[in-house]
Amino acid sequence: MRKKPDFITRLGEKLDIPRAIFSGSFGCVVEGTRELTVRGCRKILSYDPAAILLAVGGGTRLLIEGEALLFRAFGAGSVTLSGEIRSLTFQKEAE
Amino acid sequence: MHPVLFLTGFVTVSVPSAAAGAFFEMCRACGYAFRSVKNTENGTLYATFSALTARRVLRSSALRNLPVTPCVQGGAPTLLRRFLHRPGLVAGTVLAVGILLLSSLFLWDVDVTGVETVPEAELRAELAAVGLSPGAFLPRLDADALAVAVRRADPRLSYVAVNLHGTVAAVQVRESVETPPRETPRPANLVAKCDGVVVLPLIFEGERLVEAGDTVRAGDILAGGVIDTDNNGLRVTRAAGEVLARTVHTYTVRVPFTYEQKAYTGRRGYEMAFRFFGWEGNFLKTTGKLTGEYDIIDFESKWSGALPRAVPVFLTGKTAWEYTAVPARRTAKEALETANAELTALLAADSATRTLLEKTVEVAADEAGVTLICTITAEENIAVVSEIAVP
């Protein structure tokens, strides 16, 4: 059974408000397969050149897998990393 | 490297692979921006921070028990700190800057133009005597007064101008042209300077006493300065003219088989001095150790680099190469070649005043050397002036 979106999400959808302005949201910008910027990163849970696990908003974890992954910059809740990115996997905290 | 990072100083820290995640999380949470980061093959992470940020990173790492260790420090503050720990270097730099600033107050060089017959070294010595030499204090130099002083000191100069261009003095001179005093011509004969057969006597003044075909000896009068006139008696004059005559000359060149030549011993002596503007200080002299003869090579290590003129700070000195004279022997062929070369040089030296008509060369050799006997027949002017005393 499909889970019903919360009130804030429904309100934003109704009013066409960008989700980025809501607290707890996150986003990813991938530049090719070499660079990734994650907005709304709350914590770096683990780091390895082959896999990085980030805690992002909404109780979600983002697993980035690839080769020679390396953080390049941090700033205002965003992290930028580079390397050969193979996959992005979203996981719920409970999983 | 970014110039700002160099100016502010930088620190590179190393982080073991096991702590890399916690290190990144600390940087993210605290907002520590690294300038560069790289991962080595063994997993150790190297991140470079500005010196200020690095201090915070190390402090935060210590609080979190992260094994972060600084491994490289660099940039201007580090260099300055190292520099300040060497008092000799600091003193030398201060001294060099001081000399550089003060050197603009002193004369670096003197350019002299316009000298033709007066030796430049003498002129420079005269300029130095009146106070115009490298090292002179520029604010006290009065160019006009110096020019007047030099002109008065040396009668060979008719005009002297001194122009100061920055730290260089340009001295322009014009030498005096002396008019030879007009002298009353004194009576003289034309006499033969050597034996010969007269070919063409050309007498412009005086009484001609020889004809073409006459044989004359050295010292014979060719044209008389005393003329006996029918109406006015004896008249004296200065005989002038040319008497072309056929002459015979003999040259003898002997070249021995044995001779002495220089053999350098390999020992060298030095004399070196440091010259700073007009001041010169000797600091090395080893020529006193040489016992034999030596050749001297002078040198000056003037440095100009990209500058239009040499810097007035340089080394000067000389190198003496010791040698001994050792006996040597040349072959007959070499001796003959040497003799021919010497004979050619002798003939060339005399060729300007005579026309060569005939040349015979005899070669005589003995156990000691080679002798060339060269006889030449030439045509030349044999007349020379011989003044006569008139009571």
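So, here is what we can say about the structure in this document. As the structure is a prediction and not an experimental result, all values here were calculated from the model. (Residues numbered from 1 in each chain as written. Chains lettered and ligands numbered in written order. Predicted model: local features only at pLDDT ≥ 70, side-chain atom pairs only at ≥ 80, totals over all residues. Heavy atoms only, no water.)

## Re the overall build of chain B
Point 1. When helices and strands are tallied, chain B shows eight helices and 22 strands.
Point 2. Relative to its 391 residues, chain B shows a buried fraction of 33%.
Point 3. Here the analysis covers contacts within chain B between residues at least 6 apart in sequence; of these, 66% occur between residues at least 24 apart.
Point 4. Surface accessibility of chain B: about 24,000 Å² in total, with carbon and sulfur atoms responsible for 56%. (Helix = DSSP H or I, 4+ residues; strand = E, 2+ residues; numbered from the N terminus. Buried < 20%, exposed > 50% of the residue type's maximum accessible area, 1.4 Å probe, protein only. Contact = heavy atoms within 4.5 Å. Areas by Shrake-Rupley, 256 points an atom, 1.4 Å probe, with all protein chains shown as cover.)

## Section: the nonpolar core
Note on soluble globular proteins: their nonpolar side chains tend to be buried together.
Point 1. Counting residues in each nonpolar core, the largest one holds 36 residues, and the members touching the most others are Leu54(A), Ile64(A), Phe71(A), Phe23(B), Phe24(B), Leu45(B) and Phe49(B).
Point 2. The element best represented in this core is strand β5 (residues 60-75) of chain A, accounting for six residues.
Point 3. Listed in part, the 20 residues of the second largest apolar core include Leu127(B), Val160(B), Val171(B) and Val173(B). (Core = buried A, V, L, I, M, F, W, Y, C linked by side-chain atoms within 4.5 Å.)

## With respect to the sheet that holds strand β6 (residues 157-165) of chain B
Residues and elements named next belong to chain B.
Point 1. The three strands lie next to each other as β5-β7-β6, forming an open sheet whose pairing is mixed. Looking at which strands have only one partner, the edges of the open sheet turn out to be β5 (109-113) and β6. When the angles between neighbouring strand axes are averaged without regard to direction, this sheet yields 20 degrees.
Point 2. In this sheet, strand β7 (residues 168-175) lies alongside β5 in parallel orientation, the contact comprising five bridges. Across the sheet, Asp111 pairs through a bridge with Ala170, a residue of β7.
Point 3. Its contacts with the sheet put helix α6 (residues 120-129) on β5, β6 and β7, and the angle it makes with β5 is roughly 130 degrees. (Pairing = 2+ DSSP bridges. Axes fitted to C-alpha atoms, helices over the stretch in contact; angles between N-to-C directions.)

## Description of the sheet that holds strand β4 (residues 69-74) of chain B
All names here are of chain B.
Point 1. The strand order across the open sheet built from four strands is β2-β3-β1-β4, with neighbouring strands paired in antiparallel fashion. Either end of the sheet is taken by a strand with one partner, and the two such strands are β2 (36-39) and β4. Taking the axes of each pair of neighbouring strands and ignoring which way they run, one obtains an average angle of 20 degrees across the sheet.
Point 2. Strands β1 (10-15), β2 and β3 (45-50) of the sheet are contacted by helix α2 (residues 20-30), whose axis makes an angle of about 20 degrees with β3.

## Quick notes on the layout of surface pockets
Residues and elements named next belong to chain B.
Point 1. By volume, the second largest pocket amounts to about 300 Å³.
Point 2. As for the second largest pocket, its lining consists of 17 residues, and the residues nearest its centre are Trp108, Asp109, Pro134, Lys302 and Phe314.
Point 3. Ranked by residues supplied to the lining of the second largest pocket, first place goes to α6 with three residues. (1 Å grid on protein atoms, 1.4 Å probe; cavity = no way out; pocket = protein on both sides within 12 Å on 5 of 7 lines; lining within 4 Å. Points joined across faces, edges and corners; volume = space filled by probe spheres on them.)

## Points about the pairing of strand β13 (residues 226-229) of chain B
Point 1. Two strands pair when backbone bridges link them, and β13(B) and strand β14 (residues 233-236) of chain B are joined in this way by four bridges, in the antiparallel orientation. Bridge assignment links Asp228(B) to a residue of β14(B), and that residue is Leu234(B).

## Considerations on the interface of chain B and chain A
Point 1. Listed per partner, the contact involves twelve residues of chain B and twelve residues of chain A.
Point 2. Buried area between chain B and chain A, summed over both chains or domains, comes out near 1,000 Å², and the portion from carbon and sulfur atoms is 67%.
Point 3. Where chain B touches chain A, the interface holds zero salt bridges.
Point 4. Inspection of the chain B/chain A interface yields five residue pairs in polar contact (both at pLDDT 80 or more).
Point 5. Secondary-structure elements contributing two or more residues to the side of chain B that touches chain A are α2 and β2 of chain B.
Point 6. By residue number, the principal contributor to the side of chain B that touches chain A is α2(B), which donates six residues.
Point 7. Here the residues of the side of chain B that touches chain A sort into seven nonpolar, two polar and three charged. (Buried area = accessible area lost by both parts, 1.4 Å probe. Salt bridge = Lys/Arg side-chain N within 4 Å of Asp/Glu carboxyl O. Polar contact = N/O pair within 3.5 Å; in protein donor to acceptor, adjacent residues only side chain to side chain. Nonpolar A, V, L, I, M, F, W, Y, C, P; charged D, E, K, R; others polar.)

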